[in-house]
Structure formats: C-alpha cells, structure tokens
Amino acid sequence: MVKFSIIIPVYDVEEYLPECVESILSQTFTDYEVILIDDGSADSSGALCDQYARRHPAFQVIHQENKGQSSARNEGLKRARGEYLLFVDSDDFYFDIHCLRRISERADGCDLVAFNWTIAGQASGQPAGPQAGLAGNYANGAEYLTDVLRENPAYPWYPWPYAIRTAYWREFGFRFREGIVYEDTELIYRVLLPARRVCVISDITYVYRQHRPRSTTNAPNARRLSNLLEAGEKNIQEVCRRQDISPELKKMLLNNFSNCYWAVFGIVDYIGDADRNIVKRQLAGKKWMFRYSTGVKSRVKAAVCRVNLSLALWLWRIWMMTKRERGCYVPD
C-alpha cells in the first residue's frame, strides 16, 4: 500500500496540467500513486495524461466520456489503494517540494489532515484558508469545524485542503453526487463532521487557481446556480434535523449554507435572460433560506428581499456597478 492516492480529474486543461503534475513529481516524498481521470477532454489533455503514465510507473490513467467532475473523482476513488486520499484539481498545484512530506508526517492516526492554501498570483503567497489560526490537533471533526467557522464563517467546502484516510472514507460510504455541480458544497461538511481525529498544518500547502477561463465554476447558468441553491437547501434541512451538533456549530453551519442563497443572488444578473428568469423564480421560492443568515450585510439584503425581491436585486446591481467603477472584481 502506498501512502497517498492523488486523484486528479482532467478536462480541457492542457495549458495547466503540466504545472500541476510537475508539482507532484518534484516532491521530496514519493510514496504515492497518481490517478488521472481524463473526463472526455477535447484538447490534448488526455494525450498528456498518457505521456505521464508511460514515463512514471506511479501514474495511471482512466479515460471516460465526459460525465463531469463528480463522476471522474468517483472513478478515481474506485482505483485508490493508498492509505490516504488527496484530491487535486488539474489547474492547481502544490506550493513547494516538501508538501507531501509535511502531510505524511502529520497523517498517522488521523482521519483527516487539514492544510492551508493560497490563491495563484496572490502577493507573497498569503494564505487564503483559515488553518493558520487553528490549533494543531482536534479530537473530532465537530471541534475542528467549530474553529474553522469561527475563523471564516463563509468557509468554502473544497475537497483538496485535506488528506482523508481511505478506510474512513469507505467506512462512511462517502461519494460525490454525480450529474450536478457544487457537489463539494453538498458533501464535504459531511466528510469533516464525523472525523475522529483531525490534524492541522498551518503552512501553505496547496495553490488554488481562481477565476480560470473555462472553469466549470466560472460560467454561471441556470443549472449551476440551481445546483448551488439546492445544495444549500439540502444542507440546511439536514443540519436542522440533526441532534448531534452543538447549538453553536449548528448556527454557524446554517449561516454558512444560507450563503448559497446570497451567492446566487449576487450573480443572477450576470446570466442570460431566460436563465435569469428561471433562477429569480427559484430565489423567490427559497427566501426562507436567508432566515439563517447572521451577517449584517445579509440581514440588510434579507430585509429588502422580504419586501420586494426585484427591488433588492436592482439595488444590488447598482451597488455592483459602483464597485466595477472603483475597479473591484465583478464576475463577467
């Protein structure tokens, strides 16, 4: 058994895949396997995967028709034989040559190892994750999540800031739901919560490439925004039913998942007219979600939404236009 199974879904990333793979090949710790899942790429990504597999015995390639990132990850999970799972997005990369060694040194006996990340191009490699402010070890996932959400109430549910013990993953039967996007939002809190021991690495370990052109998260449409709303709705309903979560953690989780509503609210005006009307109707039908929001800005938006959703969206559009004029990032 190898220490790590590194699972990489690949789809039309010929420009970025070499940097991703080379960041693994340069590691000083080499007890790993790499599973590349070519999800029906239309560019040369699949051929690049084959080249790496021919050159490096630790690499294997799965070619499948395009089924989406969830399916690709699930296929990789079927093949994984490492003690720990690592998920890597094919346009991201490891921060330096010692990342896997640091993870390995902390992994033994933990269900999860959490590590910090930065955003590609960010000045001086400033951390984007909350791990720098956390303790080194937690007895369980609930304690870890409580501190995570204190540090960052809007904590994003990515799978790649963690090394996850394979036996633990399979014990609970975790699986990415296929046919949707934002599957991470729906799944990852469920992966973190029942963990029996969590070890934290405060050092930056992973580099996330944000706002990449053609990324599945950078092209909002009705389906994607509907999936995000549904993930938030599903999680809120589940958390409300659970009796094994402390009141503090429950409140923070509900606030976090209500942010799915505000995320959709914030970008609905940047999609096509037909899609926009579909999503606006969904927003109108799910206004109950924002009752769990605790932030001041969210409460102000909620108050206006309760009176008139169209007015709230119009005011938000005006505010975003002023941000654009000031040179702030606004999604295209």
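This is a predicted model, so every value here is computed, not measured.

Basis of the calculations
Residues numbered from 1 in each chain as written. Predicted model: local features only at pLDDT ≥ 70, side-chain atom pairs only at ≥ 80, totals over all residues. Heavy atoms only, no water. Buried < 20%, exposed > 50% of the residue type's maximum accessible area, 1.4 Å probe, protein only. Helix = DSSP H or I, 4+ residues; strand = E, 2+ residues; numbered from the N terminus. Pairing = 2+ DSSP bridges. pLDDT = per-residue confidence, 0-100. Contact = heavy atoms within 4.5 Å. Expected span 1.5 Å × (residues − 1). Disulfide = S-S within 2.5 Å.

## Observations regarding the pairing of strand E4 (residues 84-87)
Next, step 1: Side chains Tyr84 and Leu86 of E4 all project onto a buried face; the interleaved residues Leu85 and Phe87 project onto the opposite face, where all are buried too.
Next, step 2: Alignment of strand E1 (residues 4-10) against E4, held across four bridges, turns out to be parallel. Counted as the bridge partner of Ser5 is Leu85 from E4.
Next, step 3: In terms of strand pairing, E4 meets strand E8 (residues 162-165) through three bridges, oriented antiparallel. Considered in E8, the bridge of Leu86 is made with Ala163.

## Overview of the confidence of the model for the protein chain
Next, step 1: The pLDDT averaged across the protein chain works out to 91; a share of 93% of its residues lies at or above 70.
Next, step 2: Below pLDDT 50 for its whole length, residues 328-332 participates in 11 contacts with residues either more than four positions away or in separate chains.

## Observations concerning helix H9 (residues 247-267)
An α-helix turns once per 3.6 residues; consequently, residues spaced three or four apart project the same way.
Next, step 1: The end-to-end C-alpha distance of H9, which contains 21 residues, comes to 31 Å, matching closely the 30 Å that a straight helix rising 1.5 Å per residue would cover.
Next, step 2: Buried residues dominate H9, accounting for 16 of its 21 residues.

## Re the state of the cysteines
Next, step 1: Applying the stated criterion across every chain yields a total of one disulfide.
Next, step 2: As a non-bridged cysteine, Cys260 has Cys240 as the owner of its nearest cysteine sulfur, 14 Å distant.
Next, step 3: Of the cysteine sulfurs around Cys305, a residue in no disulfide, the closest is that of Cys260, at 15 Å.

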